[in-house]
Amino acid sequence: MPAKIKYLVTLLLLLACGASLAAEGTGLQLVQSLVLPGLSQVRHGRNYGYGMLTAEAALISSLLYLNEEAQLKTQEYYEYALKYAHITPGDLADSYLRDLSKFNSSGYEAGGYNAWVRQEALRLFPHDPAQQQIYIDENIYLDDQAWNWDSVDNRGQYVQIRTEAQNMRDYRMLAVGVMIVNHLISGIDVLRYNAKDNKAQVWLDIKDRSPMLMLGLEF
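Please read these numbers as outputs of a predicted model, since none were measured by experiment.

The rules behind the values
- Residues numbered from 1 in each chain as written.
- Predicted model: local features only at pLDDT ≥ 70, side-chain atom pairs only at ≥ 80, totals over all residues.
- Heavy atoms only, no water.
- Helix = DSSP H or I, 4+ residues; strand = E, 2+ residues; numbered from the N terminus.
- Buried < 20%, exposed > 50% of the residue type's maximum accessible area, 1.4 Å probe, protein only.
- Contact = heavy atoms within 4.5 Å.
- Areas by Shrake-Rupley, 256 points an atom, 1.4 Å probe, with all protein chains shown as cover.
- Core = buried A, V, L, I, M, F, W, Y, C linked by side-chain atoms within 4.5 Å.
- Axes fitted to C-alpha atoms, helices over the stretch in contact; angles between N-to-C directions.
- Parallel < 35°, antiparallel > 145°, perpendicular 65-115°, else oblique.
- Left-handed = near helix turned anticlockwise from the far one by under 90°.
- Nonpolar A, V, L, I, M, F, W, Y, C, P; charged D, E, K, R; others polar.
- Phe/Tyr/Trp six-rings, centres within 6.5 Å; stacked < 30°, edge-to-face > 60°.
- Lys NZ or Arg CZ within 6 Å of the ring centre and 35° of its normal.
- Salt bridge = Lys/Arg side-chain N within 4 Å of Asp/Glu carboxyl O.
- Polar contact = N/O pair within 3.5 Å; in protein donor to acceptor, adjacent residues only side chain to side chain.

1. Description of the overall build of the chain
Thought 1: When you go through the chain residue by residue, the secondary structure sums to 8 helices and 2 strands.
Thought 2: Scanning the chain from its N terminus toward the C terminus, one meets helices and strands in the order α-α-α-α-α-α-α-α-β-β.
Thought 3: Sorting the 219 residues of the chain into buried and exposed places 37% on the buried side.
Thought 4: For the chain, contacts bridging at least 24 residues in sequence account for 59% of all contacts bridging at least 6.
Thought 5: Working note: accessible area of the chain is about 13,500 Å², and carbon and sulfur atoms make up 59% of it.

In structure tokens:
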């Protein structure tokens, strides 16, 4: 196990145990496991709890890493656009940054965003010049938001960096999902091995034609 993960497991275990050494009831065991998966299992001699704790520490490490990488990639493609698309520095909307990846420039020449807007206005309002102009005025980019890629290859590289940043964000969301599952499994496990005490009950019910997982606890 990497040293960083060992450190996180130990730290989380000590913090949680220090705050709840006297917690023995099913309800409090459930809270422990939902907050820190594996804690209740370890405290009650179930060694597989260490696996849950290790998974939690690994997921936290992954989240920190993926979040940092996503931020670095976001900064990288922003700086790349500054250099090769000659955009104006500032706090830019994601829709603007996305349009940078789709069009060679913001202008009215072939391959330009504003040229595309004008074509869309003609398509949407073929017999209404006034509406065409309104649509154009509402959607074009003005000079302070203009861009012009030095080359198609530069734009392609920008797209690649943005894709890498989005992948990092997607992986981060996946890690969050796995973390939630780890918490739920740990909590359900506590209910399972305490069911014999009749202090915790879990059952299925139907409400408005939707299945529901019902939980009853005695503290």
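2. Quick word on the nonpolar core
Thought 1: Ranked by size, the top nonpolar core spans 22 residues in total, and within it A81, I87, Y96, L100, W147, W149 and Y158 carry the most contacts.
Thought 2: For this core, the secondary-structure elements that each account for two or more residues are helix 4 (49-84), helix 5 (94-102), helix 6 (113-124), helix 7 (129-139) and helix 8 (152-194).
Thought 3: Not counting residues up to four positions away in its chain, the partners in contact with A81 are H86, I87, L100, W149 and Y158.

3. Digging into the packing of helix 6 against helix 7
Thought 1: At their nearest, the axes of helix 6 and helix 7 sit 9 Å apart, and the two run at 150 degrees to each other. As judged from the angle between their axes, helix 6 and helix 7 are roughly antiparallel. In the crossing of helix 6 with helix 7, the sense of the turn from one axis to the other is right-handed. Within the contact between the two elements, helix 6 uses Y113, V117, R118, E120, A121, L122 and L124 and helix 7 uses Q132, Y135, I136 and N139.
Thought 2: In terms of residue class, the contact of helix 6 with helix 7 is made up of 7 nonpolar, 2 polar and 2 charged.

4. Focus on the packing of aromatic side chains
Thought 1: Inspection of every chain in the model, using the stated rule, returns 13 aromatic pairs.
Thought 2: Centre to centre, the rings of Y96 and Y141 are 5.2 Å apart; their planes meet at 85 degrees, and the pair counts as edge-to-face. With Y96 in helix 5 and Y141 in the loop between helix 7 and helix 8, the pair connects residues that are 45 residues apart, well separated along the chain.
Thought 3: A ring pair is formed by Y113 and Y141, whose centres lie 4.7 Å apart and whose planes are at 45 degrees; its orientation type is tilted. Of this pair, Y113 sits in helix 6 while Y141 sits in the loop between helix 7 and helix 8; the two residues are 28 residues apart in sequence, bridging distant segments of the chain.
Thought 4: Of the residues examined, Y113 reaches a relative accessible area of 8% and is grouped as buried.
Thought 5: For Y141, a relative accessible area of 12% puts it in the buried group.
Thought 6: Among the aromatic side chains, those forming a connected cluster through ring pairs are Y96, F103, Y113, W116, Y141 and W147.
Thought 7: Here the guanidinium or amino end of R162 rests over the ring plane of Y77, the centre of that ring lying 5.1 Å away.

5. Remarks on the pattern of salt bridges
Thought 1: Throughout the structure, instances matching the rule amount to 5 salt bridges.
Thought 2: With a closest N to O distance of 3.7 Å, R162 and D94 form a salt bridge. Placement of the pair is R162 in helix 8 and D94 in helix 5, with a sequence separation of 68 residues.

6. Points about the side chain of S101
Thought 1: When you line up the elements, S101 lands in helix 5.
Thought 2: In terms of polar contacts, S101 uses its side chain to reach the backbone carbonyl oxygen of R98, at 2.5 Å.

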